Amino acid sequence: MMNKNFTIPMLLSLLLLMSITACKSWKPGAAAGTPGPFDGEKIIVQGLRDRDFTITLGDLKKLPAVTKHGEATRANGETVSVDATGPLLDTFLRQYGKSQKDFSRVRFTAKDRYSIAVPHEILANRQIILSYINDGEPMPEDWYPLHIIIPGERSMYWVRGTVFMGFETGDSRKSVNKVVFLETAAGNLPQEDYRYFDSVDKVIKTRDLITKYVGNDDKAVGSVFLKAGDGLQKNETGANFLSAYIKISGKDAPKFIAPSLPTGMHIRDLLYVVYDQTAIFDCTEAITCLPKQTVENKEGIALSQIFKQIGMTGGNNYRFTGADGRSVELAADNLGNGLVYQNDGGFLTFITSGGSGINKVDNLLSIEVLK
Ligand SMILES: Nc1nc2c(c(=O)[nH]1)N[C@H]1C(S)=C(S)[C@@H](COP(=O)(O)O)O[C@H]1N2
Ligand SMILES: [Mo]
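Residues numbered from 1 in each chain as written. Chains lettered and ligands numbered in written order. Predicted model: local features only at pLDDT ≥ 70, side-chain atom pairs only at ≥ 80, totals over all residues. Heavy atoms only, no water.

- With an unreviewed UniProt entry as reference, the chain is termed Oxidoreductase molybdopterin-binding domain-containing protein, source organism Desulfofarcimen acetoxidans.

Here's what the structure looks like:
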C-alpha cells in the first residue's frame, strides 16, 4: 500500500519532466544561432555585387545576433509588440564594406509577393533587425527565412517571409515636368466594374493611364512614387505598378488596387503618383486634405499648392491642355492666383485672374512645363 503513495507524485514529476522536454523539442532553434529546420531557405541579394547572389538563413545565423524590442501600430489601431532576434542589417552589410546609410532605398520582397521599399530617411535613422526568432520562439513557418523588424516604424515595413533584399543607390527620382489630372484622364480611358465590398465601383488600368498620358510604358521605370491624402508615401516597382488598377469611384477612391498582390500593398485615398517625369494628380482628393483657396468665388486648390506637392518647378511658360485637346500657354508671371476647381458638372477647371486678366481652361487634363 505504501507503494501507491510514492507512485503518484513520482508519476506526476515524471509527466512534468516529459512535458518540459517535449516543449523544448517543439522549439528548435529558439536560441540565436542554433540550427533549425529552415536554415536552408534562400534570400536573393541585389545591389551589393555586380550580380545578384543568394544567401541562406543558415549564413545569417553565423552573424552576431541582437535582440531588440519593437512596437508598431496596426491599421486597426492595435499595437504589435515583439522582441526580435537576429543580425542587424548593418552587421550583414559590413561584410561587403557597406552600411544602411549608403543606400537611397532597400526593397524587401516576401514569398507572398508583398514588397516594400524602406526609404533613406529610415535607413539613416533606424536599426533594422533581420529577425528569425520572435519573442524567444520560432516563428510561424511562412515567416521564414526572415521577418524584417524596424523598431519605431509602422508595421507595413515589417516584412514576413522575406526572400529578396534589393539595395538601391542614386536618386532615381527625376524632376516632374508635367501634371495630368486623374479625374479628367480617367474619363477618357476604358473603365471596368469592380466589386468592392457591397458596391460595384469603376476601375481603370494603370497601364492604360500610363500608355495614354505618360507615353511609352515600356521605358523601364525603376520605381513609381505614390502619395496618399493621409501622408502615406510609397515607392512601388514599375512592374507592380503597371500590373494594377486605380479604383476611381466609391469608397476610398482613388484607390491603388493590385489584385495579384497582398492587400497591404493597396493604397487608398491616392493624392498623386509620379511615373518617370509625370505626376498624376487627383484634385478631388486634394480638396479633402490640402489648404483650399478661393478665386472669383470658386473654391479649389491653388496651382502653386499643386506644384509644391509634386515638386514641379523651374518653368517660365506652361501649357494648359483640356480634354478636347485645346491648349493655352501662359507665362509663369501670368499664373497669378491660379486655381483648379470642380465646376457644377464635376469637371475640373483652371482659372486665374492674374496678369493678363481672367484666363480659364475647361475640363483641364494637363499642365506642362515648356522649355
Ligand atoms: N509577407 C508579408 N508581410 C507583411 C504583410 C503581408 O501582406 N505579407 N503585410 C504588412 C503590413 S501592410 C502590415 S500592417 C503588417 C501587419 O502585421 P500584423 O499582422 O502583425 O499586424 O505586416 C506587414 N508585413
Ligand atoms: Mo498594413
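## Describing the confidence of the model for the chain
So, step 1. In the predicted model, the chain carries a mean pLDDT of 91, and the fraction of residues at 70 or more is 90%.
So, step 2. Low pLDDT, under 50, characterises residues 19-29; the stretch is placed with eight contacts to residues that sit more than four places away or in other chains. (pLDDT = per-residue confidence, 0-100. Contact = heavy atoms within 4.5 Å.)

## Regarding the site of ligand 1
So, step 1. Close to ligand 1 lie Arg-74, Val-80, Ala-110, Asp-112, Tyr-114, Ser-155, Met-156, Trp-158, Val-159, Arg-160, Pro-262 and Gly-264, which account for all nearby residues.
So, step 2. For ligand 1, a nitrogen atom lies 2.7 Å from a polar atom in the side chain of Asp-112.
So, step 3. Residue Trp-158 places a main-chain N or O atom 2.8 Å away from a nitrogen atom belonging to ligand 1.
So, step 4. If ligand 1 stood free it would expose 530 Å²; the protein chains cover 77% of that surface.
So, step 5. Its residues placed into classes, the shell around ligand 1 shows seven nonpolar, two polar and three charged. (Near = heavy atom within 4 Å. Polar contact = N/O pair within 3.5 Å; in protein donor to acceptor, adjacent residues only side chain to side chain. Areas by Shrake-Rupley, 256 points an atom, 1.4 Å probe, with all protein chains shown as cover. Nonpolar A, V, L, I, M, F, W, Y, C, P; charged D, E, K, R; others polar.)

## Observations regarding the packing of aromatic side chains
So, step 1. Under the criterion given, the structure shown has 12 aromatic pairs.
So, step 2. Where Phe-181 meets Phe-281, the ring centres are 6.2 Å apart and the plane angle is 80°; that geometry is what we call edge-to-face. With Phe-181 in strand S11 (residues 178-181) and Phe-281 in strand S19 (residues 278-281), this pair connects stretches of sequence that are 100 residues apart.
So, step 3. Their ring planes at 40° and their centres at 6.0 Å tell us that Phe-241 and Tyr-275 sit as a pair that is tilted. Here Phe-241 is found in helix H7 (residues 238-242), whereas its partner Tyr-275 is found in strand S18 (residues 270-275), with 34 residues between them in sequence.
So, step 4. With relative accessibility at 0%, the residue Phe-241 sits in the buried group.
So, step 5. Through a chain of ring-to-ring contacts, three or more aromatic side chains come together here, namely Phe-181, Phe-225, Tyr-272 and Phe-281.
So, step 6. The ring of Phe-53 carries Arg-49 above its face, with NZ or CZ at 4.3 Å from the centroid.
So, step 7. In this arrangement the basic side chain of Arg-160 is found over the ring face of Trp-143, its NZ or CZ atom lying 5.3 Å from the centre. (Phe/Tyr/Trp six-rings, centres within 6.5 Å; stacked < 30°, edge-to-face > 60°. Helix = DSSP H or I, 4+ residues; strand = E, 2+ residues; numbered from the N terminus. Buried < 20%, exposed > 50% of the residue type's maximum accessible area, 1.4 Å probe, protein only. Lys NZ or Arg CZ within 6 Å of the ring centre and 35° of its normal.)

## Describing the sheet that holds strand S12 (residues 192-196)
So, step 1. Pairing is antiparallel across the open sheet formed by four strands, whose spatial order is S12-S13-S16-S17. The open sheet has two edge strands, S12 and strand S17 (255-257), and neither has a second partner. Strand-to-strand twist in this sheet, taken as the mean axis angle between neighbours without regard to direction, amounts to 40°.
So, step 2. Where S12 and strand S13 (residues 199-205) come together, five bridges link them in antiparallel fashion. Looking across to S13, one finds that Arg-195 is bridged to Val-200.
So, step 3. Docked against the sheet, helix H6 (residues 206-213) engages S13, strand S16 (245-247) and S17, running at close to 40° with respect to S13. (Pairing = 2+ DSSP bridges. Axes fitted to C-alpha atoms, helices over the stretch in contact; angles between N-to-C directions.)

## Considering helix H9 (residues 303-310)
An α-helix turns once every 3.6 residues. As a result, residues three or four positions apart point the same way.
So, step 1. Counting buried residues along H9, six of its eight residues qualify, which places the element largely inside the surrounding structure.
So, step 2. Remark: Gly-311 follows H9 within two positions and exhibits a positive phi of approximately 75°.

## Re the pairing of strand S22 (residues 317-322)
So, step 1. Where S22 meets strand S23 (residues 327-331), five bridges bridge the pair, whose relative direction is antiparallel. Following the sheet pairing, Thr-321 is matched in S23 by Ser-327.

## Some thoughts on the pairing of strand S25 (residues 348-352)
So, step 1. Across the five residues of S25, five count as buried, placing the element largely inside the fold.
So, step 2. Side-chain alternation along S25 places Leu-348, Phe-350 and Thr-352 on one buried face and Thr-349 and Ile-351 on a second face that is also buried.
So, step 3. Judged from the four bridges that link them, strand S24 (residues 339-342) and S25 form a sheet pairing that is antiparallel. Paired with Val-340 across the two strands is Phe-350, which belongs to S25.
So, step 4. The antiparallel hairpin formed by S24 and S25 contains five residues in its connecting segment, where Gly-346 sits at a positive phi of about 90°.
So, step 5. Direction of pairing for S25 relative to strand S26 (residues 359-362): antiparallel, over a ladder of four bridges. Each residue of the ladder has a partner; that of Thr-349, found in S26, is Asp-362.

## Re the environment of Gly-136
So, step 1. Relative to the helices and strands, Gly-136 is located in the loop between strand S8 (133-134) and strand S9 (147-149).
So, step 2. According to the relative accessible area criterion, Gly-136 is partly exposed, its value standing at 39%.
So, step 3. In the structure, Gly-136 is positioned 53 residues away from Asp-83 in sequence and 7.3 Å away in space, judged by C-alpha atoms.

## Re the nonpolar core
So, step 1. In this structure, Leu-89, Phe-92, Phe-108, Met-165, Phe-167, Leu-209 and Phe-241 are the most contacted members of the largest nonpolar core, which totals 71 residues.
So, step 2. Each of domain 1 (8-168) and domain 2 (178-370) gives at least three residues to this core.
So, step 3. Not counting the four nearest positions on each side in its chain, Phe-108 is found in contact with Leu-89, Tyr-114, Ser-115, Ile-116, Val-118, Ile-128, Ile-148, Val-159, Thr-162, Phe-164 and Met-165.
So, step 4. Counting residues in each nonpolar core, the second largest holds 29 residues, with Tyr-272, Leu-290, Ile-301 and Val-369 among its members. (Core = buried A, V, L, I, M, F, W, Y, C linked by side-chain atoms within 4.5 Å. Domains from an automatic or database assignment.)

## Let's talk about the pattern of salt bridges
So, step 1. Going through the model one piece at a time under the given rule, you end up with 14 salt bridges.
So, step 2. Between Glu-41 and Lys-111 there is a salt bridge, with the nearest N and O atoms lying 3.2 Å from each other. Of this pair, Glu-41 sits in the loop between helix H1 (2-25) and strand S1 (42-46) while Lys-111 is found in the loop between strand S5 (105-110) and strand S6 (115-119), placing the two residues 70 residues apart along the sequence.
So, step 3. Judged by relative accessible area, Lys-111 falls into the partly exposed class, the value being 41%.
So, step 4. Notably, a salt bridge pairs Arg-319 with Glu-329, separated by 3.6 Å at the nearest N-O pair. Of the two residues, Arg-319 sits in strand S22 while Glu-329 sits in strand S23, which places them 10 residues apart along the sequence.
So, step 5. For Arg-319, a relative accessible area of 25% translates into the label partly exposed.
So, step 6. Salt bridges sharing partners connect three or more residues here, namely Arg-319, Glu-329 and Glu-368. (Salt bridge = Lys/Arg side-chain N within 4 Å of Asp/Glu carboxyl O.)

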